[in-house]
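The residues making up each chain are set out below.
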Amino acid sequence: KAGVTQTPRYLIKTRGQQVTLSCSPISGHRSVSWYQQTPGQGLQFLFEYFSETQRNKGNFPGRFSGRQFSNSRSEMNVSTLELGDSALYLCASSLARTEAFFGQGTRLTVV
Amino acid sequence: GENVEQHPSTLSVQEGDSAVIKCTYSDSASNYFPWYKQELGKRPQLIIDIRSNVGEKKDQRIAVTLNKTAKHFSLHITETQPEDSAVYFCAPGNSYDKVIFGPGTSLSVIP
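Here the structure is a predicted model, which means the values were calculated and not measured. (Residues numbered from 1 in each chain as written. Chains lettered and ligands numbered in written order. Predicted model: local features only at pLDDT ≥ 70, side-chain atom pairs only at ≥ 80, totals over all residues. Heavy atoms only, no water.)

Focus: the layout of surface pockets
- One number sums up the size of the largest pocket: a volume of about 770 Å³.
- Residue lining of the largest pocket: 30 residues in total, with Gln37 of chain A together with Gln38, Glu39, Gly41 and Lys42 of chain B positioned closest to the centre.
- Of all the elements in the fold, those that place two or more residues in the lining of the largest pocket are strand 4 (32-38), strand 5 (45-51), strand 9 (86-90) and strand 10 (105-110) of chain B.
- Top contributing element to the lining of the largest pocket by residue count: strand 9 of chain B, with 3 residues.
- Across the lining of the largest pocket, the residue classes break down as 9 nonpolar, 15 polar and 6 charged.
- Together, 23 residues line the second largest pocket, and Gln44 and Phe45 of chain A together with Glu2, Ile100 and Phe101 of chain B are the ones closest to its centre. (1 Å grid on protein atoms, 1.4 Å probe; cavity = no way out; pocket = protein on both sides within 12 Å on 5 of 7 lines; lining within 4 Å. Points joined across faces, edges and corners; volume = space filled by probe spheres on them. Helix = DSSP H or I, 4+ residues; strand = E, 2+ residues; numbered from the N terminus. Nonpolar A, V, L, I, M, F, W, Y, C, P; charged D, E, K, R; others polar.)

Right, here's the structure in full:
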């Protein structure tokens, strides 16, 4: 069974640009959650999608958005990038909100 | 919303000693209590979990104990080894709410 796949693995963007990250969950998992991880800040919850609907949203500005497709693949978008958006973005898929299976993450650097 | 804390935030032990990390939570509806391990440069992975109808669970050198009345659960690692050095996250939750991770505990095992 293939694991959670995130693309791309690394990104370098300039302030003011926008970026789209992709996450393909484990086959059969309909729940996909996104987290931002920065040094010393742990895993900050961004949002959760289930069956193409956003089920929960964390305390991030509206520049952060996401969506989920009918095949459960999810994308997150960050517009008007700021230096502080530099982080590792992790997605996790799960069945019934039990064990979360994480992707390898996308390392975003904003310069 | 759910408030999740971990203590201590950093822990340093000698190889062979035991380590205990405590997670406290606020949502009395939580019924699933997992611990994740994140090694440097890698994704978080589940190492042990417990459900609310069980007070303790053991898997070789690691164990989790739950005190639902006091709203805390703990990770116990015995006979620590250098490969146990990592950041450990708790993520108490239930099947109908988003998964929120604790702030993490950085464990260092000194050879």
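Anyway, onward from the coordinates.
Some thoughts on the interface of chain A and chain B
- Listed per partner, the contact involves 17 residues of chain A and 17 residues of chain B.
- Carbon and sulfur atoms supply 57% of the area that chain A and chain B bury against each other, a total of about 1500 Å² over both sides.
- A per-residue breakdown of the area chain A buries against chain B is headed by Leu43, Arg97 and Phe102 of chain A, which together make up 36% of the total.
- Counting the contacts that link chain A with chain B gives 0 salt bridges.
- At the junction of chain A and chain B, the tally comes to 5 residue pairs in polar contact (both at pLDDT 80 or more). (Contact = heavy atoms within 4.5 Å. Buried area = accessible area lost by both parts, 1.4 Å probe. Salt bridge = Lys/Arg side-chain N within 4 Å of Asp/Glu carboxyl O. Polar contact = N/O pair within 3.5 Å; in protein donor to acceptor, adjacent residues only side chain to side chain.)

Here's the deal with the nonpolar core
- With 36 residues, the main nonpolar core has Tyr35 and Phe102 of chain A together with Trp35, Phe73, Phe101 and Leu107 of chain B as its most contacted residues.
- Apart from the residues lying within four places of it in its own chain, the contact partners of Leu107 of chain B are Leu11, Val13, Ala19, Ile77, Asp84, Ser85, Ala86 and Tyr88 of chain B.
- One finds Leu21, Phe47, Phe64 and Leu81 of chain A within the second-largest nonpolar core, a separate group that totals 21 residues. (Core = buried A, V, L, I, M, F, W, Y, C linked by side-chain atoms within 4.5 Å. Buried < 20%, exposed > 50% of the residue type's maximum accessible area, 1.4 Å probe, protein only.)

Topic: the environment of Ser93 of chain A
Residues and elements named next belong to chain A.
- Along the polypeptide, Ser93 turns up in strand 9 (residues 87-94).
- The exposure class of Ser93 is buried, given its relative accessible area of 0%.
- For the pair Ser93 and Gly3, spaced 90 residues apart in the sequence, the C-alpha separation amounts to 9.3 Å.
- When near neighbours in sequence (up to four residues on either side) are disregarded, Ser93 contacts Val4, Pro25, Ile26, His29, Ser31, Val32, Glu99, Ala100 and Phe101.
- Only 2.9 Å separates the side chain of Ser93 from the side chain of His29, close enough to count as a polar contact.

Observations concerning the packing of aromatic side chains
- As enumerated under the stated definition, the model contains 13 aromatic pairs over all chains in all.
- Ring centres 6.4 Å apart and planes at 85° place the aromatic pair Phe89 of chain B and Phe101 of chain B in the edge-to-face group. Here the residue Phe89 of chain B occupies a position in strand 9, and Phe101 of chain B occupies one in the loop between strand 9 and strand 10, the gap between them amounting to 12 residues. One exposure class covers both Phe89 of chain B and Phe101 of chain B, and it is buried.
- Cluster of aromatic residues (ring-pair linked, three or more members): Tyr35, Phe45 and Phe102 of chain A together with Tyr36, Phe89 and Phe101 of chain B.
- The ring of Phe50 of chain A carries the charged tip of Arg55 of chain A above its face, separated from the ring centre by 4.2 Å. (Phe/Tyr/Trp six-rings, centres within 6.5 Å; stacked < 30°, edge-to-face > 60°. Lys NZ or Arg CZ within 6 Å of the ring centre and 35° of its normal.)

Spatial relationships are all this shows, so hold off on functional conclusions.
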